Amino acid sequence: FSSAMSASFYTKPANNGNAGVAMETSWDSNPGRQRTLQPITTGASVLAIKYNAGVIMVADTLGSYGSLAKFRSIPRVLRVNDATVAAASGDLADMQFLNTVVENHAIDEEIHEHGIAYSPASLHSWLTRVMYNRRSRINPLWNTYIVAGTEAGQPFLGYVNMLGVAFKEDCLATGFGSHLCLGLLREALDAAGGYAGLTEETATSALEACLRVLYYRDCRAYNQYQLANVPVAKPAQVSGPHFLQSDWSVAKLVKHYTE
Amino acid sequence: MLADWTQQEVLTGTTIMAVEYNGGVVIGADSRTSSGTYVTNRTQDKLTPLTEYIYCCRSGSAADTQAIADHVRYYLDFSRISQGREPTVRYAAHVMQSILYNNRDNLSAAVIVAGWDEVNGGQVYCIPLGGLLVRQPMAAGGSGSTYIWGHLDAQFKPGMTDTECQEFVAKSVSLAIKRDGSSGGVCRLAVINRRRRTTAHYHARRFAKVVRWLN
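Definitions and cut-offs
Residues numbered from 1 in each chain as written. Chains lettered and ligands numbered in written order. Predicted model: local features only at pLDDT ≥ 70, side-chain atom pairs only at ≥ 80, totals over all residues. Heavy atoms only, no water. Helix = DSSP H or I, 4+ residues; strand = E, 2+ residues; numbered from the N terminus. Buried < 20%, exposed > 50% of the residue type's maximum accessible area, 1.4 Å probe, protein only. Areas by Shrake-Rupley, 256 points an atom, 1.4 Å probe, with all protein chains shown as cover. pLDDT = per-residue confidence, 0-100. Contact = heavy atoms within 4.5 Å. Axes fitted to C-alpha atoms, helices over the stretch in contact; angles between N-to-C directions. Parallel < 35°, antiparallel > 145°, perpendicular 65-115°, else oblique. Left-handed = near helix turned anticlockwise from the far one by under 90°. Salt bridge = Lys/Arg side-chain N within 4 Å of Asp/Glu carboxyl O. Buried area = accessible area lost by both parts, 1.4 Å probe. Polar contact = N/O pair within 3.5 Å; in protein donor to acceptor, adjacent residues only side chain to side chain. UniProt positions renumbered as here; feature names shortened; annotations may be inferred.

Trainee: Any chance you could explain the overall build of chain A here in plain terms?
Mentor: Across its full length, chain A holds five helices and 13 strands. Split into buried and exposed, the 259 residues of chain A put 47% on the buried side. As presented, chain A carries roughly 12900 Å² of accessible surface, and 52% of it is formed by carbon and sulfur atoms.

Trainee: Can you help me understand the confidence of the model for chain A in this one?
Mentor: In regions of low pLDDT, the predicted coordinates are not meant to be interpreted in detail. Looking at chain A as a whole, its pLDDT mean stands at 88, while 86% of the residues score no less than 70. The model gives residues 1-20 of chain A a pLDDT under 50, and that stretch makes 31 contacts with residues more than four places away or in other chains.

Trainee: Got a minute to help me understand the packing of helix 1 (residues 62-83) of chain B against helix 2 (residues 89-102) of chain B in this structure?
Mentor: Angle between the axes and distance between the axes: these two values describe a pair of packed helices. Residues and elements named next belong to chain B. Contact geometry of helix 1 with helix 2 gives a least axis separation of 10 Å together with a crossing angle of 135°. Classified by the angle between their axes, helix 1 and helix 2 sit oblique to one another. In this structure, helix 1 meets helix 2 at a crossing whose hand is right-handed. Seen from helix 1, the contacting residues are Ile68, His71, Val72, Tyr75, Leu76 and Ser79; seen from helix 2, they are Tyr91, Ala92, Val95, Met96, Ile99 and Leu100.

Trainee: What's the story with the pattern of salt bridges in this structure? I'm lost.
Mentor: Side chains carrying opposite charge are able to pair once their charged atoms draw close together. As enumerated under the stated definition, the model contains eleven salt bridges over all chains in all. A:Asp91 is paired through a salt bridge with B:Arg104; the nearest N and O atoms lie 2.8 Å apart. Residue A:Asp91 is found in strand 7 (residues 84-91), and its partner B:Arg104 is found in the loop between helix 2 and strand 8 (109-117); the two belong to separate chains. Given the relative accessible area of 14%, B:Arg104 is considered buried. B:Glu20 is the salt-bridge partner of B:Arg135, the closest N and O atoms lying 3.0 Å from each other. With B:Arg135 in strand 10 (residues 134-135) and B:Glu20 in strand 2 (residues 16-21), this residue pair connects regions lying 115 residues apart in the sequence. Through salt bridges with shared partners, a single network forms among A:Asp91, A:Asp94 and B:Arg104.

Trainee: Just checking my understanding: could you explain the interface of chain B and chain A for this structure?
Mentor: A common way to express how large an interface is: the accessible area buried when the components associate. Chain B puts 25 residues into the contact, and the matching count from chain A is 28 residues. When chain B packs against chain A, the two sides together hide about 2100 Å² of surface, and 55% of this comes from carbon and sulfur. The interface formed by chain B and chain A contains three salt bridges. The salt bridge partner of B:Asp153 is A:Arg72, with a shortest N-O separation of 3.3 Å. Counting the contacts that link chain B with chain A gives seven residue pairs in polar contact (both at pLDDT 80 or more). Broken down by secondary-structure element, the contributors of at least two residues to the side of chain B that touches chain A are helix 2, strand 11 (138-141) and helix 3 (149-155) of chain B.

Trainee: Hey, could you run me through the UniProt feature "active site" (unreviewed entry) in chain B in this one?
Mentor: Residue and element names in this part refer to chain B. Within this structure's numbering, the places UniProt gives as "active site" (unreviewed entry) are Thr14. Using a relative accessible area of 0% as the deciding quantity, one classes Thr14 as buried. For Thr14, the residues in contact, after removing those within four places along its chain, are Asp30, Lys46, Arg58, Ser59, Gly141, Gly142, Ser143, Gly144, Ser145, Asp180, Ser182 and Ser183.

Pasting the structure below:
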């Protein structure tokens, strides 16, 4: 069936030079057309932090349709292999497209049986090239990805956005999380003297505290989430859905808006 | 000097719904197509067969969704020949997603693909604008769905029988018709299971008892 489609959206790496991703879209064949690309169904923040023996990443399970909380059980965390996980915020149709391509690549790697699997650094690098290329054709994949995992025995954490801006850090957040939560995550790292001093429990509770802040203050956040833990010495695990407890007792103290 | 509505694209501003039950699915839609504020067709059938066991509920541009459904029906016919068996609902939904996602910039189409197959029984797949694919036990779409999300959240329970699902879908679509100017006419309802499709129509007035109380 895919050969019958006018633009097949996945081709094997050997067949073309485009890293196995369809670079041609309906827009490319219609170069005179003006278009405002906009995200439709979107995911909110993704948060991640390194700890002494790995890296943890969280993302809620909500797909928002504008202001409507339409899809309340969408998994946004992708387990690529034992050493790599990735999660996306932004347009979820674009996320599904990219995740399918990544999964197909992972299968290809297995078929080749050369003992090389995607590492988080190679996935991060490949994603950066794809996102930057699409941006340069003025047809971005409207996502911000966080790639997490184990690279050469060390925790890895990388960020790529729809412009192709990419960097690596000890703690990362997308969307509202980058405004409300990065400070909290950096404080946790400072208090521990760097990620080497952060335990898994402290890292998890720091992320949970951040999710709570987002649930209180981000209109598009949700109180059900997935958690991905990639320890350096063990396979990656994605768990969920977890439910976030929230504390509204402060509401009792507030009455009227005037004295 | 032509009237404004003659220049407007024909839309299925709509209410569409689909619910899974044990053994099949129940799908429903209103029957109004509009061109601006004029009702071009008051008895439209938005429940469109992709195969005998798989239907799609269409919302958005009537032209876009009809053309795409025709394409998907073609691919599924082809798949039936090449695989020697009925296509699965999941396959049909992915074919639909592929067209809607890859042409998202040029289309105004949102559908619900629902049907029955031997592998997984009754399934409902929601494909909103933009081309995301999500399987859900209950899906609603179209402009009218915005008015009934509260009702759906309050009244939906998993594990309903097929009769309960039919009542639920008919009542929900009728409530949406009552409030949404872009939805109207009758509620077309269909049950799809291993015995293929059976249809009924409910006039919105059938649920006047409920609706009168709300007004």
